[in-house]
Amino acid sequence: MQLPIQISFRHMEPSLAVEDKIRKKAAKLEQFHDRIMGCRVVVEAPHQHHHQGKLYHVRIDLTVPGGELVVSREHHGKQAHQDVYVAIRDAFNAAQRQLESHIQRQRGHVKYHEPPPSGRISVLVPEQDYGKIETIDGREIYFHRNSILNGGFKELKVGNEVHFIEEEGDLGPQASTVHIKN
């Protein structure tokens, strides 16, 4: 870590054992990102007037190239967070997930969905309720009138551009869904 870790305690006495656990968890984050520039951790116990057991709140601020990541683990009644070590573990696990997501975005490895395949209507046989789509790579895909979204079979014309979802049928490839391009 390029800057030393900062640890603060609120509404509770500082603890060397808790600080040691936080330092070990923070050092482990460097396995996922070696350019963490700063790490601030606040461990907070609730005010003394709570009638239930103490539920700890842990906040982690990580400064990394290209941004700042904030993890604020609210307990929301999680009885496990009566243990400060469990609250710290959960907060650092969330920080690790955020750090991994940040790295993926930085590298441009964000998932995206490819658009469905497209083609043109090449054959229409309205009296038998089917047609064929010629794909960009020259294949022919069968479709039935029920595959056309919004019941638009009657509006189809040879040459219409369409998107489709392909599946394997009894007689070869077929379109399970066909959407007319606008």
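Source: prediction; values computed, not measured.

The rules behind each value
- Residues numbered from 1 in each chain as written.
- Predicted model: local features only at pLDDT ≥ 70, side-chain atom pairs only at ≥ 80, totals over all residues.
- Heavy atoms only, no water.
- Salt bridge = Lys/Arg side-chain N within 4 Å of Asp/Glu carboxyl O.
- Helix = DSSP H or I, 4+ residues; strand = E, 2+ residues; numbered from the N terminus.
- Buried < 20%, exposed > 50% of the residue type's maximum accessible area, 1.4 Å probe, protein only.
- Phe/Tyr/Trp six-rings, centres within 6.5 Å; stacked < 30°, edge-to-face > 60°.

Chemist: For the pattern of salt bridges, give the residues involved together with the corresponding values.
Modeler: Taken as a whole, this structure holds 11 salt bridges when the rule is applied. Among the ionic pairs, Lys-24 bridges to Asp-20, the shortest N-O distance being 3.3 Å. On the criterion of helical spacing, the pair formed by Lys-24 and Asp-20 is a turn pair, its members being 4 residues apart in helix H1 (residues 16-29). Looking at Asp-20, the relative accessible area reads 38%, which means it is partly exposed. One salt bridge in this structure joins Arg-89 and Asp-90, with 2.9 Å as the shortest N-O distance.

Chemist: Let's hear about the packing of aromatic side chains: which residues, and what values?
Modeler: Per the counting criterion, the structure on display carries 2 aromatic pairs. Judged by centre distance (6.5 Å) and plane angle (65°), the ring pair of Phe-143 and Phe-153 falls under edge-to-face. In this pair, Phe-143 is assigned in strand E7 (residues 140-144) and Phe-153 in the loop between E7 and strand E8 (161-169), connecting sequence segments 10 residues apart. A single burial state applies to Phe-143 and to Phe-153, both of which are buried.

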